[in-house]
Structure formats: structure tokens, C-alpha cells
Amino acid sequence: MCSKISYGSGPTGNLRRPALLRMAQDASALTGATAIKRTRLADLADVFAASAAFAARLAADPDATAYEVHEHRPDGVAGDLISGLSVLHPGRVGAEFAMTRGHIHARPDRPEIYACQAGHGLIHMEAPDGTTCPLELRPGDVAYVPPHWIHRSVNLGAADFVTLFCYPADAGQDYGVIAESGGMRTLILADGNGWREAPNPRYRPRDAAAQARLMRRTAA
Ligand code: ZN
């Protein structure tokens, strides 16, 4: 595949090689990924509100994997794209659903898309001023995360919630932004067979300076 690409010393000498990424039929993996990153449930102790329920789940399976990211990262050059598959396993912690740690981009004006491939979940988003926007996804649905929005995945179902993501290669991730505010402003809680958004009692609103920091623009 693509074996005839030449890498000479001319103007096209730095051309990057095209890549084929192929999702497994059960949407559990991505062939062609340059890295697979596994996050353990044990690493998410500060993410869930119900600490007793979290401890009980962890005691039952201390090495449980919470989610995996199969990533295709050419490099971090501005103008390029990082893409990959996020596989978020199911499992409630108290009334909260399984979720990723979440982040804002280190260059916060960089956007992202998430295209649902399998399962049922949502992309929970929060603007620097605390405005929230949970977007529910099923296979075929695509969530656009605009610049400056904090975002995380939440698994509302009983199977893996799998999304294909794509974002600018120079975006980076700031994983501390949610913890610094005591969590996102709202919790996504089980409600009968569905879900509801509820105020997070631990949330500390950002002051004007913190909001301005997340609204800054960064050059390419
Ligand atoms: Zn992101």
C-alpha cells in the first residue's frame, strides 16, 4: 500500500505517508494506531462523586480498565490532525455513569469532533463560564466540540461507548482543568432507564481571570 511514494530531496521530500486506519468489526480496536493508551479505573478516584461506591467497584476489580484510546498521531506539527478511537467501558459508580477524566485543550481554541461508532453515551461539555451542553450520541451521530469547551465522554449504556475522534495535532490536553473546579458544573446521573443533568455540589465557579485564561487564543 502506497509503496511507490518516493522521499527525495525536492520540494515534496517531507511528504507524510498516507495511513489507513481500520476499526475492528466489534469496534474494540483500531488497526494502524501509533499508540494505545489505557486508563485504569484506579486512576480516576477523584473523578467520581460517590467515593464509597468507587472504592467498592475498585475492590472488586483493582486492575480494571476504564477506557482505552487507540491513537494515530503523526506528530505534533500545527496543521496536522490526530485521530483515533476512544473505547469507554460501561459501569456505574453510584448514580454516575462511567466517564473519562475529561480535559480542555492546552491550546484551548482548538476544536474536536467525536463520531459515535458503537454504544450509547454523550459528550459532556462545559464552557469556561460554567454553561454546560451534554450531547447524546448513538452510532452515526457526530458531536462537534467548539474551541474553548471542556469535554469528556460518558457511557450511558451497558456496552462499550466507542467514538472516533479527530483534533488538531497542536491542541494538547489540560487534564487538570476539571479537578481545579471540583468537577464539571453538572453531574450526569442515572434516572430510571435514562439520565438527567444535576448540579454538582462540589463545583467551584471560575473567576474572571480563570475564564479569561481558558478563552485565550493561541497562534499556530
Ligand atoms: Zn479533546
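Up top you'll find the structure we're talking about.
Residues numbered from 1 in each chain as written. Predicted model: local features only at pLDDT ≥ 70, side-chain atom pairs only at ≥ 80, totals over all residues. Heavy atoms only, no water.

## Brief notes about the coordination of the zinc ion
Phase 1 of the analysis: Within the protein, the zinc ion binds to H103 (NE2), H105 (NE2), E112 (OE) and H151 (NE2); these donor distances fall in the range 2.0 to 2.2 Å.
Phase 2 of the analysis: Coordination at the zinc ion comes from 4 donor atoms whose angles at the metal span 87 to 157°, giving a geometry best classed as irregular.
Phase 3 of the analysis: Here the donor residues of the zinc ion are spaced in sequence according to H-x1-H-x6-E-x38-H. Remark: H151 occurs in strand β11 (residues 150-155) and H103 occurs in the loop between β6 (98-99) and β7 (112-118); sequence separation between them is 48 residues.
Phase 4 of the analysis: A relative accessible area of 10% places H103 in the buried class.
Phase 5 of the analysis: For H151, a relative accessible area of 1% corresponds to the buried category. (Donors = N, O, S within 2.8 Å, 3.2 Å for Na, K, Ca; no water. Tetrahedral: all angles 85-135°; square planar, octahedral: opposite > 155°, others 65-115°. Helix = DSSP H or I, 4+ residues; strand = E, 2+ residues; numbered from the N terminus. Buried < 20%, exposed > 50% of the residue type's maximum accessible area, 1.4 Å probe, protein only.)

## Overview of the nonpolar core
Phase 1 of the analysis: Counting residues in hydrophobic clusters, the biggest one holds 33 residues, and the most contacted among them are F48, I123 and V154.
Phase 2 of the analysis: Excluding its chain neighbours within four sequence positions, the residues that come into contact with F48 are L41, F54, V93, E96, F97, A98, M99 and R202. (Core = buried A, V, L, I, M, F, W, Y, C linked by side-chain atoms within 4.5 Å. Contact = heavy atoms within 4.5 Å.)

## As for unusual backbone geometry
Phase 1 of the analysis: Positive phi, normally seen in glycine, also occurs at A27, with a value near 60°.
Phase 2 of the analysis: The exposure class of A27 is buried, given its relative accessible area of 5%.
Phase 3 of the analysis: Positive phi values are uncommon outside glycine, yet H148 reaches one of about 75°.
Phase 4 of the analysis: Its location among the elements puts H148 in the loop between β10 (142-145) and β11.

## Regarding the side chain of E112
Phase 1 of the analysis: Positionally, E112 belongs in strand β7.
Phase 2 of the analysis: Within the structure, the side chain of E112 is placed 3.1 Å from the side chain of Y114, a separation counted as a polar contact.
Phase 3 of the analysis: At 3.0 Å, the side chain of E112 forms a polar contact with the side chain of H151.
Phase 4 of the analysis: Those residues in contact with E112 that sit more than four places away from it in its chain are H103, H105, A143, Y144, V145, H151, F165, C166 and Y167. (Polar contact = N/O pair within 3.5 Å; in protein donor to acceptor, adjacent residues only side chain to side chain.)

## A word on the sheet that holds β10
Phase 1 of the analysis: Taken in spatial order, the 6 strands line up as β3-β4-β5-β12-β7-β10 in an open sheet, and their pairing is antiparallel. Pairing within the sheet leaves two strands with one partner each, and these edge strands are β3 (35-40) and β10. Averaged over neighbouring strand pairs, the angle between their axes works out to 20° when direction is ignored. (Pairing = 2+ DSSP bridges. Axes fitted to C-alpha atoms, helices over the stretch in contact; angles between N-to-C directions.)

## A short note on the sheet that holds β11
Phase 1 of the analysis: One open sheet accounts for 4 strands, arranged β6-β11-β8-β9; its pairing is antiparallel. The open sheet terminates on both sides in strands that have one partner only, identified here as β6 and β9 (132-137).
Phase 2 of the analysis: Where β6 meets β11, 2 bridges bridge the pair, whose relative direction is antiparallel. Residue A98 lies in a different strand from β11, and its bridge partner there is N155.

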